[in-house]
Amino acid sequence: MIERIWSGRSWLYLLLLPFSALYGLISGLRRLSYKVGLSQSWKAPVPVVVVGNLTAGGNGKTPVVVWLVEQLQKKGYRVGVVSRGYGGKAENYPLLVTDKITTAQAGDEPVLIHRRTGAPVAVAPKRVAAVKALLADTLLDIIVTDDGLQHYALQRDFEIVVIDGVRRFGNGWWLPAGPMRELSGRLNRVNAVITNGGTPQSGELSMTLAGRLAVNMVSGEKRAVNRIPHAIAMAGIGHPPRFFTTLQQLGADVQKEYAFADHQMYTEEQLSHLADTNQNLLMTEKDAVKCFKFAQPNWWYLPVDAQLPQEKGQAMLNKIDSLLEANKKFK
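Residues numbered from 1 in each chain as written. Predicted model: local features only at pLDDT ≥ 70, side-chain atom pairs only at ≥ 80, totals over all residues. Heavy atoms only, no water.

S.K.: Tell me about the nonpolar core, residues and numbers included.
M.R.: General note: in soluble globular proteins, nonpolar side chains tend to be found buried as a group. Counting 39 residues, the largest nonpolar core has Leu68 and Ile160 as the members making the most contacts within it. Considering every element that reaches this core, the biggest residue donor is helix 3 (residues 61-74), with seven residues. Non-local contacts of Ile160, meaning those with residues more than four positions away in its chain, are made with Val49, Val50, Val51, Gly52, Leu68, Ala192, Ile194 and Met316. Among the nonpolar cores identified, the runner-up in size contains 23 residues, and Ala44, Val48, Val161 and Met180 belong to it. (Core = buried A, V, L, I, M, F, W, Y, C linked by side-chain atoms within 4.5 Å. Buried < 20%, exposed > 50% of the residue type's maximum accessible area, 1.4 Å probe, protein only. Helix = DSSP H or I, 4+ residues; strand = E, 2+ residues; numbered from the N terminus. Contact = heavy atoms within 4.5 Å.)

As structure tokens, then:
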């Protein structure tokens with residue numbers, strides 16, 4: 001239902017417009033308060049790159065964070081990552097993510113990013129606190145924030161917005177009548193726009209999510225998705241149909257699909273009945289990081305990697321390089 005409302009295919013969004021206007025007013029006043037200095041923001045001693053979005057729901061933001069971190073690491077930079085840690089609840093914040101920290105504590109995305117990149121990751125509702133914790137713990141050249149475009153308490157040097165190229169901005173309204181956290185005019189003030197799927201508009205970088213080899217969650221075996229028979233697909237991400245479409249494009253033998261809420265935590269009892277011994281449960285990597293402790297031998301996950309055009313992707317990295325070089329000279 002919410003997809004129909006946000007896409008404009010249902011007139012029910014009209015009933016929510018007063019609440020959207022209020023949301024827009026409050027968010028606008030909050031942004032203005034930082035701009036004129038009524039609310040204080042903090043400038044980190046190293047460059048900060050924000051990877052965020054304008055809409056609620058999954059846009060492919062975390063794969064972009066992983067891609068960016070890996071690209072910067074290849075250049076020899078020491079990269080740290082901060083996140084709000086949606087879906088997790090720690091006893092104390094900020095929380096430094098280690099191999100022993102669970103998704104129940106840190107949330108699924110921070111654990112996934114740390115697992116994939118090895119980068120130091122800190123989680124806190126206030127991202128300034130997370131950045132300070134990282135800088136106190138290790139020597140870093142740059143900070144990447146997973147989400148936080150609207151978190152103006154932390155000053156940023158470079159902003160990247162990720163757009164779902166198929167759904168884009170829906171009906172264009174603020175929450176809750178539409179999917180917008182900020183209106184599309186905000187794109188005029190960011191440094192780069194990455195479009196996940198669909199057709200990119202002028203000035204946008206096209207991105208695809210590529211993944212062919214599924215990984216067995218018990219044995220670690222890697223196998224082409226189209227060689228996993230009798231698959232039962234599940235996804236607890238912002239937009240589960242994207243994962244199911246990917247499996248279809250890869251020729252997966254999917255017999256049934258289960259969509260769960262984004263950031264949902266799972267139990268063994270909840271998932272064990274989805275696939276019998278003659279079937280294989282196939283999930284996203286974001287789901288898998290929450291299930292390794294009780295995974296079954298017939299459970300698999302599909303890692304995906306963000307792929308950007310070589311020339312345009314390098315041009316964006318060069319701009320971030322310039323920030324890092326300027327920061328070194330300033331010091």
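S.K.: Quick rundown of the domain arrangement of the protein chain? Include the residues and the values.
M.R.: Segmentation of the protein chain into domains returns domain 1 (1-205 + 308-329) and domain 2 (212-303). For domain 1 and domain 2, the distance between their C-alpha centroids amounts to 26 Å. Tallying the contact residues gives 19 residues for domain 1 and 13 residues for domain 2. For the domain 1 and domain 2 pair, buried surface summed over both sides reaches about 1,300 Å², with 55% attributable to carbon and sulfur atoms. Taken as a group, Asp108, Leu112 and Arg115 account for 36% of the area that domain 1 buries against domain 2, more than any other trio of residues on that side. Put simply, domain 1 and domain 2 have four salt bridges between them. A salt bridge links Asp108 to Lys290, with the shortest nitrogen-to-oxygen separation between them at 3.1 Å. Applying the counting rule to domain 1 against domain 2 returns six residue pairs in polar contact (both at pLDDT 80 or more). Sorting the residues of the side of domain 1 that touches domain 2 by element identifies helix 4 (103-106) and helix 5 (108-117) as the ones contributing at least two each. Of the residues forming the side of domain 1 that touches domain 2, the biggest block, six residues, is contributed by helix 5. (Domains from an automatic or database assignment. Buried area = accessible area lost by both parts, 1.4 Å probe. Salt bridge = Lys/Arg side-chain N within 4 Å of Asp/Glu carboxyl O. Polar contact = N/O pair within 3.5 Å; in protein donor to acceptor, adjacent residues only side chain to side chain.)

S.K.: Describe the pattern of salt bridges, and please don't skip the residues or the numbers.
M.R.: Across all of its chains, the model carries 18 salt bridges by this definition. Close ionic contact of Arg242 with Asp164 constitutes a salt bridge, the shortest N to O distance being 2.5 Å. In this pair, Arg242 sits in helix 7 (residues 240-249) while Asp164 sits in strand 6 (residues 158-164), placing the two residues 78 residues apart along the sequence. We note that Arg242, like Asp164, is buried. The residue Lys286 makes a salt bridge to Asp262 at a minimum N-O spacing of 2.6 Å.

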